[in-house]
Amino acid sequence: MQIFPSLLLTIIAISSILIFLLLALFILPSLISATQFDSQQAQETKTIDSCKKIELGGKYILTKDILDVKFEKSIGGCIVFNAPNIEFDCRGHRILSSSEKTVGLTINENGATVKNCFISMQDGTGIAVLESSKAFIINNTLKENKYSIFLYSSYNNSIENNFMERNQYGLTLVTSSDNNLIVGNKINESLNYAVFLSGSSNNLLKDLYVTDTKRDVFLFGATSSNNFLNNILITG
């Protein structure tokens, strides 16, 4: 009489082991694969072909020129970063405007990367970094803007290997835009100051090449201190 309960327990134990093996061999790998696929999708590069507010971090590429951008106060720029850790690659495409006060690209969050863009806003601003840190602005061309690259209350950013030509102002750092690294940039034919700092300190300007600036190369406004210049070449 005691054999049957023992046999039943053995069968139950074997069945449990078989179920576990089935889960391990078939179901769990499928679940893991689905999770990995979702994660991969989240990391995929997204494309942009018009002015847009970007609300999610990740990688983005511009797939065509954006021409004749119009000023819209409610938007704050053509391409606007409203999330941290956005990487934006223009791949050589242009963002152009003839409207007053228009901003080509506005960074409102930390950890942004902007590279390989050609931006001309005429009476507007090329790239504006607003109250943000850890941005990388790399290998862009900014031509015929009022402000080419403008930092407001932004710190610990890197501005590297950009070319700025025929802008009213080349680099502008104001209101506690501190501890920024500015390396390997070229500024040509600025109509006003090539570099303007006001209320901003402890910035390093290195390997800066300035040519044919119409007014003074540097203007250090009130309360700007401890800014360091290294290997600055000025011609014209």
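Residues numbered from 1 in each chain as written. Predicted model: local features only at pLDDT ≥ 70, side-chain atom pairs only at ≥ 80, totals over all residues. Heavy atoms only, no water.

Chemist: Which parts of the structure should I look at to understand the nonpolar core?
Modeler: Note that soluble globular proteins tend to have their nonpolar side chains buried in a common cluster. Counting 42 residues, the largest nonpolar core has Ile-79, Phe-81, Phe-88, Ile-95, Leu-105, Leu-171 and Val-195 as the members making the most contacts within it. Here the element with the most residues in this core is strand 20 (residues 204-211); it accounts for three residues. Leaving out residues up to four positions away in the same chain, Ile-79 has contacts with Ile-48, Ser-50, Cys-51, Lys-52, Ile-54, Ile-66, Phe-88, Ile-95, Gly-104, Leu-105 and Thr-106. (Core = buried A, V, L, I, M, F, W, Y, C linked by side-chain atoms within 4.5 Å. Buried < 20%, exposed > 50% of the residue type's maximum accessible area, 1.4 Å probe, protein only. Helix = DSSP H or I, 4+ residues; strand = E, 2+ residues; numbered from the N terminus. Contact = heavy atoms within 4.5 Å.)

Chemist: Would you take a moment to explain the pattern of salt bridges for this structure?
Modeler: Where side chains of opposite charge bring their charged atoms close, a pairing between them can arise. The tally for this structure, following the rule as stated, stands at six salt bridges. Between Arg-94 and Asp-65 there is a salt bridge, and its shortest N-O distance comes to 2.9 Å. With Arg-94 in strand 6 (residues 94-96) and Asp-65 in the loop between strand 3 (58-62) and strand 4 (79-81), this residue pair connects regions lying 29 residues apart in the sequence. Residue class for Asp-65 comes out partly exposed when judged on its relative accessible area of 27%. Several salt bridges share partner residues, and in doing so they unite Lys-143, Glu-144, Glu-165 and Arg-166 into one network. (Salt bridge = Lys/Arg side-chain N within 4 Å of Asp/Glu carboxyl O.)

Chemist: Help me understand the sheet that holds strand 4 in this model?
Modeler: Whenever strands of a sheet pair, they do so through backbone hydrogen bonds, lying parallel or antiparallel. Strand order in the open sheet made by the eight strands is 2-4-7-10-13-16-19-21, with parallel pairing throughout. Two strands close off the open sheet at either side, each with one partner strand: strand 2 (52-54) and strand 21 (218-220). Geometrically, the sheet is characterised by an average inter-axis angle of 10 degrees between neighbouring strands, direction not taken into account. Note: strand 10 (residues 125-130) against strand 13 (residues 147-152), five bridges, orientation parallel. The residue of strand 13 that forms the bridge with Ala-128 is Phe-150. (Pairing = 2+ DSSP bridges. Axes fitted to C-alpha atoms, helices over the stretch in contact; angles between N-to-C directions.)

Chemist: Looking at this structure, I do not really get the state of the cysteines. What am I missing?
Modeler: Linking two cysteines covalently via their sulfur atoms produces the bond known as a disulfide. Scanning the entire structure with this criterion turns up two disulfides. The disulfide partner of Cys-51 is Cys-78, and the gap between their sulfur atoms is 2.1 Å. In this structure, the disulfide formed by Cys-51 and Cys-78 twists by about -100 degrees around the S-S bond and is classed as left-handed. One end of the pair, Cys-51, is in the loop between strand 1 (46-48) and strand 2; the other, Cys-78, is in the loop between strand 3 and strand 4, and 27 residues separate them in sequence. Sequence-ordered numbering of the bonded cysteines in the chain gives a pairing of 1-2, 3-4. (Disulfide = S-S within 2.5 Å.)

Chemist: Help me understand the environment of Gly-57 in this model?
Modeler: With respect to the secondary-structure elements, Gly-57 resides in the loop between strand 2 and strand 3. On the accessibility criterion, Gly-57 (27% relative accessible area) is partly exposed. For Gly-57 and Gly-111, which are 54 residues apart along the polypeptide, the C-alpha to C-alpha distance reads 9.4 Å. What Gly-57 contacts, discounting residues up to four positions off in sequence, is Ala-83, Pro-84, Asn-85 and Ile-86.

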